[in-house]
Amino acid sequence: MGNAWWNLTLRFLLELAALLGLGVAGWNLSEGWWHWVLALALPLIAAVLWGTFAVLNDPSRSGRAPVPVPGAVRLALELVILFGGAAGFYAAGYATTGLIVALLIAISYAFSLDRLGWLLKQ
């Protein structure tokens, strides 16, 4: 189920939501020119980490891994970025959005037990 089209679509949308949540947090939790710096830097850093550190032959990705890491490291990175985005919405004053995003992340991972098992074996 982890590679079902609907779950991969949900996962992609959650990745985008995480980037947006980090950007919203960067903007709303800072002042002055830091608005711009953090609103751009936080999502950019998350996207670079997401795209760089991967598990070789991950069937939910292209299979390539610019910097190969163990599955547990990748899973931790995913959870930090995804839930970080949800927390970003929450902290910036968009509590309902943050809670909905967090719930959708949990649902996506609940239907990805096969992928979770694969990641933890790598």
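Refer to the preceding data block for the structure.
Source: prediction; values computed, not measured.

### Digging into helix α2 (residues 34–52)
Turning to step 1, where the next piece is worked out: Under the 1.5 Å per step criterion, the end-to-end length of α2 is 26 Å for 19 residues, consistent within 8% with the ideal 27 Å.
Turning to step 2, where the next piece is worked out: Of all the positions in α2, only H35, A39, P43, A46 and W50 are classed as buried.

### A short note on the nonpolar core
Turning to step 1, where the next piece is worked out: Counting 21 residues, the largest nonpolar core has L14, L75, I81, L82, V101, I105 and Y109 as the members making the most contacts within it.
Turning to step 2, where the next piece is worked out: Sequence-distant contacts of I81, that is, excluding residues within four places in its chain, are made with A18, A46, L49 and W50.

### A look at the pattern of salt bridges
Turning to step 1, where the next piece is worked out: Under the defined criterion, the tally for this structure stands at 5 salt bridges.
Turning to step 2, where the next piece is worked out: Residue R11 is joined to E78 by a salt bridge in which the shortest nitrogen-to-oxygen separation is 2.9 Å. A residue pair is termed long-range when its members are at least 10 positions apart, and R11 in helix α1 (residues 5–28) and E78 in helix α3 (residues 71–91) qualify at 67 residues.
Turning to step 3, where the next piece is worked out: Residue class for R11 comes out buried when judged on its relative accessible area of 9%.
Turning to step 4, where the next piece is worked out: The salt bridge partner of R115 is E78, with a shortest N-O separation of 2.6 Å.

### Quick notes on a nonpolar patch on the surface
Turning to step 1, where the next piece is worked out: On the surface, W5, W6, I100, L103, L104, I107 and F111 cluster together into a nonpolar patch covering about 690 Å² of accessible area.
Turning to step 2, where the next piece is worked out: Looking at the nonpolar patch, the elements that each hand over two or more residues are α1 and α4 (95–110).
Turning to step 3, where the next piece is worked out: Considering every element that reaches the nonpolar patch, the biggest residue donor is α4, with 4 residues.
Turning to step 4, where the next piece is worked out: Here F111 lies in the loop between α4 and α5 (113–121).

### Section: unusual backbone geometry
Turning to step 1, where the next piece is worked out: The backbone of N57 shows a phi angle near 60 degrees, a positive value even though the residue is not glycine.
Turning to step 2, where the next piece is worked out: Here N57 shows up in the loop between β1 (53–54) and β2 (67–68).

### Things to note about the side chain of R115
Turning to step 1, where the next piece is worked out: With respect to the helices and strands, the residue R115 is situated in helix α5.
Turning to step 2, where the next piece is worked out: When its relative accessible area of 6% is taken as the criterion, R115 is described as buried.
Turning to step 3, where the next piece is worked out: There is a polar contact of 3.0 Å between the side chain of R115 and the side chain of D58.
Turning to step 4, where the next piece is worked out: What R115 contacts, discounting residues up to four positions off in sequence, is R11, D58, S60, E78 and Y109.

### Digging into α5
The periodicity of an α-helix, 3.6 residues per turn, causes residues three or four positions apart to be oriented the same way.
Turning to step 1, where the next piece is worked out: Of the positions making up α5, those classed as buried are R115, L116 and L119. The buried side chains of α5 occupy one side of the element, clustering within an arc of 100 degrees when seen end-on. Exposed residues lying more than 90 degrees from the buried face of α5 are L113 and K121.
Turning to step 2, where the next piece is worked out: Lining the buried residues of α5 we find α1, α3 and α4.

### A closer look at the packing of α1 against α4
Turning to step 1, where the next piece is worked out: Interhelical geometry of α1 versus α4 gives an angle of 145 degrees and a closest axis separation of 10 Å. Of the two elements, α1 crosses α4, and the hand of that crossing is left-handed. Residues N7, L10, R11, L14 and A17 of α1 touch α4, and the partners they reach there are V101, L104, I105, S108 and Y109.
Turning to step 2, where the next piece is worked out: Looking at the contact of α1 with α4 residue by residue, the class counts come to 7 nonpolar, 2 polar and 1 charged.

Parameters at a glance
Residues numbered from 1 in each chain as written. Predicted model: local features only at pLDDT ≥ 70, side-chain atom pairs only at ≥ 80, totals over all residues. Heavy atoms only, no water. Helix = DSSP H or I, 4+ residues; strand = E, 2+ residues; numbered from the N terminus. Expected span 1.5 Å × (residues − 1). Buried < 20%, exposed > 50% of the residue type's maximum accessible area, 1.4 Å probe, protein only. Core = buried A, V, L, I, M, F, W, Y, C linked by side-chain atoms within 4.5 Å. Contact = heavy atoms within 4.5 Å. Salt bridge = Lys/Arg side-chain N within 4 Å of Asp/Glu carboxyl O. Patch = residues over 30% accessible without salt bridge, like charges linked within 9 Å, V, L, I, M, F, W, Y side chains within 5 Å. Areas by Shrake-Rupley, 256 points an atom, 1.4 Å probe, with all protein chains shown as cover. Polar contact = N/O pair within 3.5 Å; in protein donor to acceptor, adjacent residues only side chain to side chain. Arc of directions from axis to C-beta. Axes fitted to C-alpha atoms, helices over the stretch in contact; angles between N-to-C directions. Left-handed = near helix turned anticlockwise from the far one by under 90°. Nonpolar A, V, L, I, M, F, W, Y, C, P; charged D, E, K, R; others polar.

Taken by themselves, the reported measurements are silent on function.
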